[in-house]
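Close look at the chain arrangement
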Amino acid sequence: AVCYCEAECQKAAWKEHRQVCTVDMVKKIEKEKAKVGPDDVSIGKAAFTLGCLLKDRNKLDEGKEWLLESLRIFKIGYGENHANVVAALSNLGSLAQKQGDMDTMLAMYKQTLRIIPKIFGNKSKQMALSLMSIGTAHSGQG
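Calculation rules
Residues numbered from 1 in each chain as written. Predicted model: local features only at pLDDT ≥ 70, side-chain atom pairs only at ≥ 80, totals over all residues. Heavy atoms only, no water. Salt bridge = Lys/Arg side-chain N within 4 Å of Asp/Glu carboxyl O. Helix = DSSP H or I, 4+ residues; strand = E, 2+ residues; numbered from the N terminus. Buried < 20%, exposed > 50% of the residue type's maximum accessible area, 1.4 Å probe, protein only. Expected span 1.5 Å × (residues − 1). Arc of directions from axis to C-beta. Contact = heavy atoms within 4.5 Å. Axes fitted to C-alpha atoms, helices over the stretch in contact; angles between N-to-C directions. Parallel < 35°, antiparallel > 145°, perpendicular 65-115°, else oblique. Left-handed = near helix turned anticlockwise from the far one by under 90°. Nonpolar A, V, L, I, M, F, W, Y, C, P; charged D, E, K, R; others polar.

Brief notes about the pattern of salt bridges
If charged atoms from side chains of opposite charge come close, those side chains can pair. Throughout the structure, instances matching the rule amount to five salt bridges. A salt bridge links Asp24 to Lys28, with the shortest nitrogen-to-oxygen separation between them at 3.5 Å. Taken together, the residues Asp24 and Lys28, both in helix α2 (residues 22–36) and four residues apart, mark about one turn of the helix. For Lys28, a relative accessible area of 43% translates into the label partly exposed. Here Glu69 makes a salt bridge to Arg72, at a shortest N to O gap of 2.9 Å. Of this pair, Glu69 and Arg72 both sit in helix α4 (residues 60–78), separated by three residues, roughly a single helical turn.

Topic: helix α7 (residues 125–141)
The end-to-end C-alpha separation of α7 is 25 Å, in line with the 24 Å expected for 17 residues at 1.5 Å each. When we look at burial in α7, the residues that qualify are Met127, Ser130, Ser133, Ile134 and Ala137. Taken down its axis, α7 places every buried residue within 125° of arc, on the same side. Opposite its buried face, α7 presents the exposed residues Lys125, Met132 and Ser139, each directed more than 90 degrees away. Buried positions along α7 lie against α6 (102–119).

Regarding the packing of α6 against α7
Direction vectors running N to C along α6 and α7 enclose 155°, while the axes themselves pass 9 Å from each other. Put simply, α6 runs roughly antiparallel to α7. You can see that α6 and α7 cross each other, and the crossing is left-handed. Across from Met102, Asp103, Met105, Leu106, Tyr109, Lys110, Thr112, Leu113, Ile116 and Pro117 in α6, the residues of α7 making contact are Gln126, Met127, Ser130, Leu131, Ser133, Ile134, Thr136, Ala137, His138, Gly140 and Gln141. Considering only residue class, the contact of α6 with α7 consists of 11 nonpolar, eight polar and two charged.

Rendered as structure tokens:
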């Protein structure tokens with residue numbers, strides 16, 4: 001919690017804080033769901049942003065829920081072979097690594113390997129990053 005000297009200072013800070021305020025993001029997502037439905041890709045994008053922010057703040061269980069929701073929506077809205085699906089899977093793999101769950105990390109990155117060649121090619125940066133992450137998962141398994 002932050003204390004402000006007066007309401008004017010709090011209002012001035014709100015513009016900047018609002019961009020990363022998870023409470024506000026959840027409210028916006030719920031409001032948007034009522035307008036466009038729960039499976040709209042705009043909800044998926046917002047859920048992805050929220051999930052990544054929570055992951056970066058080490059709120060891993062909450063972040064995982066939102067990233068899984070974004071993955072579900074992206075698969076519905078874009079199909080399996082889309083860059084946003086790869087991004088969600090990669091972030092879920094990264095989150096699993098932070099949790100010390102190398103099996104889940106490996107599973108997430110293996111899924112990216114099936115998609116990446118179709119949209120980025122075998123010699124892409126995305127392929128190299130996924131292969132490196134798979135190596136990390138294997139070395140973490142012992």
